[in-house]
Every structure is written in structure tokens, then in C-alpha cells.
Amino acid sequence: MRPVRELGLLEMKPVSVKGVNIVPRDAFIATVSPKLTKPNAPDLVALRVEVTGKGGRRVAWQLIDYADEKAGVSAMMRTTGYSLAITGLMQVDGRISAKGAHTPDEAVPFRPYVDELKKRGVEIREVSQ
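Now for a quick tour of the structure. (Residues numbered from 1 in each chain as written. Predicted model: local features only at pLDDT ≥ 70, side-chain atom pairs only at ≥ 80, totals over all residues. Heavy atoms only, no water.)

**Section: the pairing of strand β3 (residues 44-52)**
- Pairing analysis gives 9 bridges linking β3 to strand β4 (residues 58-66), with the strands arranged antiparallel. Note that in β4 the partner of A46 across the bridge is I64. (Pairing = 2+ DSSP bridges. Helix = DSSP H or I, 4+ residues; strand = E, 2+ residues; numbered from the N terminus.)

**Considerations on the sheet that holds β4**
- Reading across the sheet, the 3 strands line up as β3-β4-β5 and stay open at both edges, with antiparallel pairing between neighbours. Single-partner strands in this sheet number two, and they are β3 and β5 (124-127). For this sheet, the mean inter-axis angle between neighbouring strands, taken without regard to orientation, is 20°.
- Across the sheet, helix α2 (residues 75-92) lies against β3 and β4, angled at about 125° from β4, the strand it touches most. (Axes fitted to C-alpha atoms, helices over the stretch in contact; angles between N-to-C directions. Contact = heavy atoms within 4.5 Å.)

**A look at α2**
- Its 18 residues give α2 an end-to-end C-alpha distance of 26 Å, which sits within 8% of 26 Å, the value for a rise of 1.5 Å per residue.
- The set of residues buried in α2 consists of A75, R78, T79, S83, I86, T87 and M90. Along the long axis of α2, the arc covered by the buried residues comes to 135°, so they all point the same way. Of the exposed residues in α2, the ones pointing more than 90 degrees away from its buried face are L84, Q91 and V92.
- Where α2 is buried, its residues meet β3, β4 and α4 (110-119).
- G94 sits one or two positions beyond α2 and adopts a positive phi of about 90°. (Expected span 1.5 Å × (residues − 1). Buried < 20%, exposed > 50% of the residue type's maximum accessible area, 1.4 Å probe, protein only. Arc of directions from axis to C-beta.)

**Things to note about unusual backbone geometry**
- Of note, K18 is a non-glycine position whose phi angle comes to about 50°, a positive value.
- Structurally, K18 can be placed in the loop between β1 (15-17) and β2 (20-22).

**Some details on the side chain of E116**
- Tracing the backbone through its elements, the reader meets E116 in helix α4.
- Those residues in contact with E116 that lie beyond four places of it in its chain are I86 and R95.

**Structural notes on the pattern of salt bridges**
- Within this structure, the stated rule accounts for 10 salt bridges.
- Note that R78 and D65 form a salt bridge whose closest N and O atoms lie 2.7 Å from each other. Linking R78 in helix α2 with D65 in strand β4, this pair joins segments that are 13 residues apart in sequence.
- The class of R78 is buried, set by a relative accessible area of 8%.
- A salt bridge links D115 to R111, with the nearest nitrogen and oxygen atoms 3.6 Å apart. Separated by 4 residues within a single helix, D115 and R111 lie in helix α4, roughly one turn from each other.
- For D115, a relative accessible area of 36% translates into the label partly exposed.
- Taking the relative accessible area as the measure of exposure, R111 reaches 47% and is therefore partly exposed.
- One continuous salt-bridge network, built from bridges that share partners, spans D93, R95, E116, K119 and R120. (Salt bridge = Lys/Arg side-chain N within 4 Å of Asp/Glu carboxyl O.)

**Let's talk about the nonpolar core**
- Of all hydrophobic cores here, the largest spans 12 residues; its members are V45, L63, A75, I86, M90, I96, A107, V108, Y113, V114, L117 and V122.
- When contributions to this core are tallied by element, the ones reaching two or more residues are α2 and α4.
- Discounting chain neighbours no more than four positions away, the residues touching L63 are V45, A46, L47, T79, V122, E123 and I124. (Core = buried A, V, L, I, M, F, W, Y, C linked by side-chain atoms within 4.5 Å.)

Below, the structure is given as C-alpha cells:
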């Protein structure tokens, strides 16, 4: 199965379809949004990261998180808000010591970050390829 991006469905360059120029990304969003949008249903966040190391070793991590309906916190709120709070705490307590502008993979120690998310019920798991 090919990811959506590899299929060209997120491209911004217009293509001709039956004589009409359309942006693939716009057509994709217009097609799938009604099927993915459920206004009265709780959300979920699904994320998968796959990497191949310089030696050819492949590793993948996956996160699936659901809304906490009892607390009134959406899955998107949990995964973004908790992440920001954790990195802020890690800066204050010294676990993140980088100064200046850095990407998260450069500055945030992976295992402590994942452990902090798990304490809050958001779990990132390594999955087999």
C-alpha cells in the first residue's frame, strides 16, 4: 500500500482532468473530508514515523490516541498540548539544554520525552516493519 503523498494526491501543481485544471490536494480534501468528519464524534490522532538508517536498518514508531471524553479533552489537544507542556518542563529542569533554534529531534531527548507522554496516557510504540 502506498502512502497518499507518494500517490501525488497532496500535490499543489494543477493537473488536467477532463479538460479542467484541478489541484490534486484540493480534490483529495474535498473527497475525503465528508467521510472523515463526524461533528458529534470524538476525534483520534494516528501517527506513524518510519525511518531507514544509514546502515539500511528500518525502524517505525506509531502513536494512536483517543479523546478523553470524561475530561472533555480531544485527542488533538492531548497530543499537542501535552507535548508542548512536556518540552517546556524539560527545558526548565535541564533535560533540554540546547540553546537557540533547533528541531525537536536535535534538542529533545527521545526516551525521556516518550516516557513523559506515557505518564499522561499518550503512548508511542516501536512497531515491527
